[in-house]
Amino acid sequence: DQQVKQNSPSLSVQEGRISILNCDYTNSMFDYFLWYKKYPAEGPTFLISISSIKDKNEDGRFTVFLNKSAKHLSLHIVPSQPGDSAVYFCAALSNFGNEKLTFGTGTRLTIIP
Amino acid sequence: DAGVTQSPTHLIKTRGQQVTLRCSPKSGHDTVSWYQQALGQGPQFIFQYYEEEERQRGNFPDRFSGHQFPNYSSELNVNALLLGDSALYLCASSLTGVLNIQYFGAGTRLSVL
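Residues numbered from 1 in each chain as written. Chains lettered and ligands numbered in written order. Predicted model: local features only at pLDDT ≥ 70, side-chain atom pairs only at ≥ 80, totals over all residues. Heavy atoms only, no water.

**Comments concerning the side chain of Thr-63 of chain A**
Phase 1 of the analysis: In this fold, Thr-63 of chain A is placed in strand 7 (residues 62-67).
Phase 2 of the analysis: Beyond its immediate sequence surroundings of up to four residues, Thr-63 of chain A is in contact with Ile-48, Lys-56, Asn-57, Glu-58, Ser-74, Leu-75 and His-76 of chain A. (Helix = DSSP H or I, 4+ residues; strand = E, 2+ residues; numbered from the N terminus. Contact = heavy atoms within 4.5 Å.)

**Some thoughts on the interface of chain A and chain B**
Phase 1 of the analysis: Across the boundary between the two partners, chain A contributes 21 residues, which contact 24 residues of chain B.
Phase 2 of the analysis: In this assembly, chain A and chain B are joined by 0 salt bridges.
Phase 3 of the analysis: Elements that contribute at least two residues to the side of chain A that touches chain B include exactly strand 4 (30-38), strand 5 (45-51) and strand 9 (86-94) of chain A.
Phase 4 of the analysis: Top contributing element to the side of chain A that touches chain B by residue count: strand 4 of chain A, with 4 residues. (Salt bridge = Lys/Arg side-chain N within 4 Å of Asp/Glu carboxyl O.)

**Comments concerning the pattern of salt bridges**
When the charged atoms of two side chains with opposite charge come close together, those side chains can pair.
Residue and element names in this part refer to chain B.
Phase 1 of the analysis: Inspection of every chain in the model, using the stated rule, returns 4 salt bridges over all chains.
Phase 2 of the analysis: In this structure, Glu-75 and Arg-22 form a salt bridge, with 3.4 Å as the shortest nitrogen-oxygen distance. One end of the pair, Glu-75, is in strand 8 (residues 74-78); the other, Arg-22, is in strand 3 (residues 19-24), and 53 residues separate them in sequence.
Phase 3 of the analysis: One salt bridge in this structure joins Arg-63 and Asp-85, with 2.9 Å as the shortest N-O distance. Of this pair, Arg-63 sits in the loop between strand 6 (53-57) and strand 7 (64-68) while Asp-85 sits in the loop between strand 8 and strand 9 (87-94), and the two are 22 residues apart along the sequence.
Phase 4 of the analysis: On the accessibility criterion, Asp-85 (4% relative accessible area) is buried. (Buried < 20%, exposed > 50% of the residue type's maximum accessible area, 1.4 Å probe, protein only.)

**Regarding the state of the cysteines**
Phase 1 of the analysis: Overall, the coordinates contain 2 disulfides over all chains when judged by the stated rule.
Phase 2 of the analysis: Residue pairing for Cys-23 of chain A: its cysteine sulfur links by disulfide to Cys-90 of chain A, the two sulfurs lying 2.1 Å apart. Across the disulfide from Cys-23 of chain A to Cys-90 of chain A, rotation about the S-S bond amounts to roughly -70°, and the bridge is consequently left-handed. Taken together, the positions of Cys-23 of chain A in strand 3 (residues 19-25) and Cys-90 of chain A in strand 9 put the pair 67 residues apart, joining distant regions of the chain. By the burial criterion, Cys-23 of chain A is buried, and Cys-90 of chain A matches it.
Phase 3 of the analysis: One disulfide bridge connects Cys-23 of chain B with Cys-91 of chain B, the sulfur atoms lying 1.8 Å from each other. Judged by the sign of its S-S torsion, about -60°, the cystine formed by Cys-23 of chain B and Cys-91 of chain B is left-handed. A residue pair is termed long-range when its members are at least 10 positions apart, and Cys-23 of chain B in strand 3 and Cys-91 of chain B in strand 9 qualify at 68 residues. Accessibility classification places Cys-23 of chain B together with Cys-91 of chain B in one group, the buried group. (Disulfide = S-S within 2.5 Å.)

Okay, structure coming up:
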């Protein structure tokens, strides 16, 4: 039962353009969402998060949008840079506490110079 | 400030053997979570330790057990290894009572032959 889904295994974007990574979830108990970035041979690195009481959170080039009614969130990277090439994981947790993270399967982003 | 450290980085075992993986949390963190990441998948939650006790457990058999020490470091033990246990094992640490941003180590790559 995949409660967090990333339906695009890979995405290629030209340098300088916008990258949009999507994530869908099925569990309505999730109330906090996170994006992690993972380079080969490294652990996932926290990127940005959003609470279910918000619909947008921005941090520099990264913006996360949450549509609760559609159970959908997206990560926008503008402008995309070569160093952004990595696997991006969407993760969710419930009760806004120290609960387990439920991850999607990841999207491999490749930025083309 | 040392981040989350895991040892060893790579390990090769044969079916039926037992393995112990180790994790030191980020300085100031008191909670340790373990995840298993199979090839092409997102990390799957195994269990979480806080105050030297297992606080939460994912859908993993009893062959997977753990321990947390007074200095907050943790071990993951897997008994009677199966071929399907081959994966990247990730440790994440966080601070209880604070927004649950989990910080990950680089992982231990376990191969079962």
